[in-house]
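Given next are the chains, with one letter for each unit.
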Amino acid sequence: MIICLYGPDSYRRSLKLQEIIGNYKKKNSSIDMFVVDLEDEPDDWRKARDFLNQPSMFVDVKLALIKESGLEEKEWVKALKAYVDNQKIFIVISDRDKPKKQFGFLTKEPVVFQEFKELEGEGIKTFLQKEAANLSLKFETAALHFLCLYISSSVSRSILAHNELEKISLAKLSQPIGLASLRSIIKWNKKEAPFYMSRDIVASTDFRKKLSALEKLFLQKEAPAYIFNLLASQTRGASALKFADYDISIKSGGLDYEEALTEFVLSV
């Protein structure tokens, strides 16, 4: 049997790998295990092949963990294919990239396969909430939004999220953790989050602060339509009615998005 894990999210892929190995060890009193990283030692595919071919008389299960398996070696491809339907020998593959054409069988049944893409959108929020719960951390809504946007601005998002949550946990902040407390831990100055600046526009009663925040959003080259919808989603009461009127005007050819936004920030 072969299990193939692949994708750029190495942290979540590693967690899944640990889970699989842990389950095999729990279910089997004795296990013969071989681990190899073919990126570091490409010639060791022969050792992996020999391990799989060698009869095992004194253990219940043979388990081979192969990291970065995608060598362009015909004999290696053939060796792996031979164990696709084998129920006594288990091969777990963990690769950074999707299997190449010659390894296409690794993403087809009966192989068990799972892709680990970089976290996006709601996936970031769901992951953060799960990891935070494991650390007994609770966040106010604005703080969680800020954290999601901060994580989404980076690469290797899941490991960054894990590390930041560990750091927040060690800080022993009062809970639920608010935005001000979170910003004292996470110094994100590269580019302020559009959500955070839009909150300044909605919450402030000083038109100068509103206008400054709007100018920053424009300078960051955020699309006017995106800014408009972001603000509209946060307004309530009379402000929400204003945005409804602006939306009608824009769609009927009256104001454009920039004019509507400027009028809103000046109408304190």
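Refer to the preceding data block for the structure.
Draft legend 1. View of the environment of Phe105. You can see Phe105 is positioned in the loop between strand E4 (89-95) and strand E5 (112-115). Distance in space between the C-alpha atoms of Phe105 and Glu259 is 56 Å, their sequence separation being 154 residues. Not counting chain neighbours up to four residues away, the residues in contact with Phe105 comprise Val77, Leu80, Lys81, Val84 and Val111.

Draft legend 2. Local environment of the packing of aromatic side chains. Scanning the model with the defined rule gives 9 aromatic pairs in all. Judged by centre distance (5.8 Å) and plane angle (80 degrees), the ring pair of Phe243 and Tyr246 falls under edge-to-face. Of this pair, Phe243 and Tyr246 both sit in helix H11 (residues 237-251), 3 residues apart, which is roughly one turn of the helix. Accessibility classification places Phe243 together with Tyr246 in one group, the buried group. Ring-pair connections join several aromatic residues into one group, and the members of that group are Phe228, Phe243, Tyr246, Tyr257 and Phe264. Over the face of the ring belonging to Phe51 we find Lys62, whose NZ or CZ atom lies 4.5 Å from the ring centre.

Draft legend 3. Main features of the side chain of Arg157. Tracing the backbone shows Arg157 in helix H6 (residues 157-171). The buried category is assigned to Arg157, whose relative accessible area is 13%. Setting aside residues no more than four positions away along its own chain, Arg157 makes contact with Glu118, Leu119, Glu120, Ile124, Ile151 and Ser152.

Draft legend 4. Spatial organisation of helix H12 (residues 257-266). Along H12, the positions that sit buried rather than exposed are Ala260, Leu261, Phe264 and Val265. Taken down its axis, H12 places every buried residue within 130 degrees of arc, on the same side. Put simply, Asp256 is the residue that caps the front of H12, since its side-chain oxygen is 3.2 Å from the backbone nitrogen of Glu258.

About the criteria used
- Residues numbered from 1 in each chain as written.
- Predicted model: local features only at pLDDT ≥ 70, side-chain atom pairs only at ≥ 80, totals over all residues.
- Heavy atoms only, no water.
- Helix = DSSP H or I, 4+ residues; strand = E, 2+ residues; numbered from the N terminus.
- Contact = heavy atoms within 4.5 Å.
- Phe/Tyr/Trp six-rings, centres within 6.5 Å; stacked < 30°, edge-to-face > 60°.
- Buried < 20%, exposed > 50% of the residue type's maximum accessible area, 1.4 Å probe, protein only.
- Lys NZ or Arg CZ within 6 Å of the ring centre and 35° of its normal.
- Arc of directions from axis to C-beta.
- Polar contact = N/O pair within 3.5 Å; in protein donor to acceptor, adjacent residues only side chain to side chain.

All we've got here are geometric facts, nothing functional implied.
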